[in-house]
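One-letter residues, chain by chain:
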Amino acid sequence: MAPFRLSRQALSVGLILQTTTAFQSQASFTARAAALTSPLIAAQPALSTTNNRDTNTARRMIGTILDLLSGGDGGMVTPDSALKGRPEKMAGIDGLKHYVLRNDLQEVPEGYEQCVFGNGCFWGSEKAIWRLPKGIHSTAVGYCAGFTPNPTYNEACSGMTGHTEGVRVVYNPKEISYVDIMRMFWESHDPTQYMGQGNDRGTQYRSGIYYFNEEQKRLIEASKAAYEKQLGKGEIKSEIAAASDYDKYGGLWYFAEPYHQQYLSKPGSRPYCSAQPQGVSLASFDSWCPEDLKEKHQPKLPESFWKKHGPVRGCSIVRFDNEPISENSY
């Protein structure tokens, strides 16, 4: 931590508290906080040096402060109360290549499919997927399942857009199954936690997985029922919804700022992860998958992969190499 470099952020927090009264509603309080911190985040440069590691630490600190201001584990903002957003999409995404896989972040090649989910801070969630040994064309982080068009990071952190930090996966179903990606989603966090993971609290860290067709929906629901029994610690709270539910709000998915993309692979990044994997492996595919979906959605990754590289209890993804896992390693 670099306290002197964070002095502007500290001043901003003081300004929030000084200019906000106890008589304001939660919504107006949070909106005011977001407005006051917006210039601090927007004006800072993208991560490229060790000094900018403190910049990103500051961004995450401001996000945590906004978590508290927005009520932590409180309820979702309503569509009518959400920030209005903007028609312009995120700057710097057009033409941007994946920092590790080197493919265009936005393209979806013919025959490829998408998976979108959120399970806590998106930095570690994304890394868990791009490291899968085959079939991943690209991963990206962004804001999903909310109401505000084209939100920014600090707007999402305010809790006033309805988005959760998410990961978008573009994959080749001939090389990796939706079931493999979904399994990593379940095992990489604690889906029984409500509105957050670990120290990251708020609606913007809620667990959720969003389906693009009826078969994905059935696979999610069947695996959820099995994993809930295995965890044995109460109801899984993950949000399960159709991607099309968000068409009326501009769409399910919005890309996050370029400095967030593949953040943990970049020089000077802070090795941060808030997810809470439980060290419990999802039951065998045949035990929970609907009979009529088994042939089409067979896992492509063998159990030997999961025994060697599957998530363990507590977040450890930050310790691993950035390159995809070798198929010769399991």
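Just so we're clear, the structure is a prediction, and the values are computed from it rather than from any experiment. (Residues numbered from 1 in each chain as written. Predicted model: local features only at pLDDT ≥ 70, side-chain atom pairs only at ≥ 80, totals over all residues. Heavy atoms only, no water.)

Draft legend 1. Broad picture of the packing of aromatic side chains. Tallied over the full model, the rule gives 13 aromatic pairs. Their ring planes at 85° and their centres at 5.1 Å tell us that Phe 305 and Trp 306 sit as a pair that is edge-to-face. Neither residue differs from the other here; Phe 305 and Trp 306 are each classed as buried. Pairing Phe 305 with Tyr 330 gives two aromatic rings, centres 5.3 Å apart and planes at 80°, and the pair type is edge-to-face. Of the two residues, Phe 305 is situated in helix H9 (residues 303-309) and Tyr 330 in the segment after H9; the sequence distance between them amounts to 25 residues. For Phe 305, a relative accessible area of 0% puts it in the buried group. (Phe/Tyr/Trp six-rings, centres within 6.5 Å; stacked < 30°, edge-to-face > 60°. Buried < 20%, exposed > 50% of the residue type's maximum accessible area, 1.4 Å probe, protein only. Helix = DSSP H or I, 4+ residues; strand = E, 2+ residues; numbered from the N terminus.)

Draft legend 2. Structural detail: the sheet that holds strand E8 (residues 253-255). Across the sheet, which stays open at both edges, the six strands sit in the order E7-E6-E1-E3-E2-E8 with mixed pairing between neighbours. Both edges of this open sheet fall to strand E7 (239-242) and E8, since each of them pairs with a single strand only. Looking at each pair of strands side by side, their axes are set apart by 35° on average, direction ignored. For strand E2 (residues 136-144) and strand E3 (residues 164-171), the ladder comprises eight bridges, and the chain directions are antiparallel. In the strand pairing of E3, Val 141 is matched with Val 167. Seen against the sheet, helix H7 (residues 214-231) touches strand E1 (113-118), E3, strand E6 (208-211) and E7 and runs at an angle of roughly 150° to E6. (Pairing = 2+ DSSP bridges. Axes fitted to C-alpha atoms, helices over the stretch in contact; angles between N-to-C directions. Contact = heavy atoms within 4.5 Å.)

Draft legend 3. View of the environment of Glu 175. Note on placement: Glu 175 falls in the loop between E3 and helix H6 (178-187). Residue class for Glu 175 comes out partly exposed when judged on its relative accessible area of 38%. Residues contacting Glu 175, with those up to four places away along its chain left out, are Lys 134, Gly 135 and Lys 300. Only 3.1 Å separates the side chain of Glu 175 from the backbone nitrogen of Gly 135, close enough to count as a polar contact. (Polar contact = N/O pair within 3.5 Å; in protein donor to acceptor, adjacent residues only side chain to side chain.)

Draft legend 4. Region of the structure containing the state of the cysteines. If you walk through the whole model with that rule in mind, you get one disulfide. Note on cysteine connectivity: Cys 273 is disulfide-linked to Cys 315, with sulfurs 1.8 Å apart. An S-S torsion of about 80° defines the bridge between Cys 273 and Cys 315 as right-handed. Taken together, the residues Cys 273 in the loop between E8 and helix H8 (285-288) and Cys 315 in the segment after H9 connect sequence positions 42 residues apart. (Disulfide = S-S within 2.5 Å.)

Draft legend 5. Highlighting the pattern of salt bridges. In total, this model carries ten salt bridges according to the counting rule given. Lys 134 is the partner of Glu 327 in a salt bridge, and the nearest nitrogen-oxygen pair spans 4.0 Å. With Glu 327 in the segment after H9 and Lys 134 in the loop between helix H4 (122-130) and E2, this residue pair connects regions lying 193 residues apart in the sequence. In this structure Glu 327 comes out as partly exposed when scored by relative accessible area, which is 43%. Between Lys 233 and Asp 190 there is a salt bridge, with the nearest N and O atoms lying 2.9 Å from each other. With Lys 233 in the loop between H7 and E7 and Asp 190 in the loop between H6 and strand E4 (196-197), the pair connects residues that are 43 residues apart, well separated along the chain. (Salt bridge = Lys/Arg side-chain N within 4 Å of Asp/Glu carboxyl O.)

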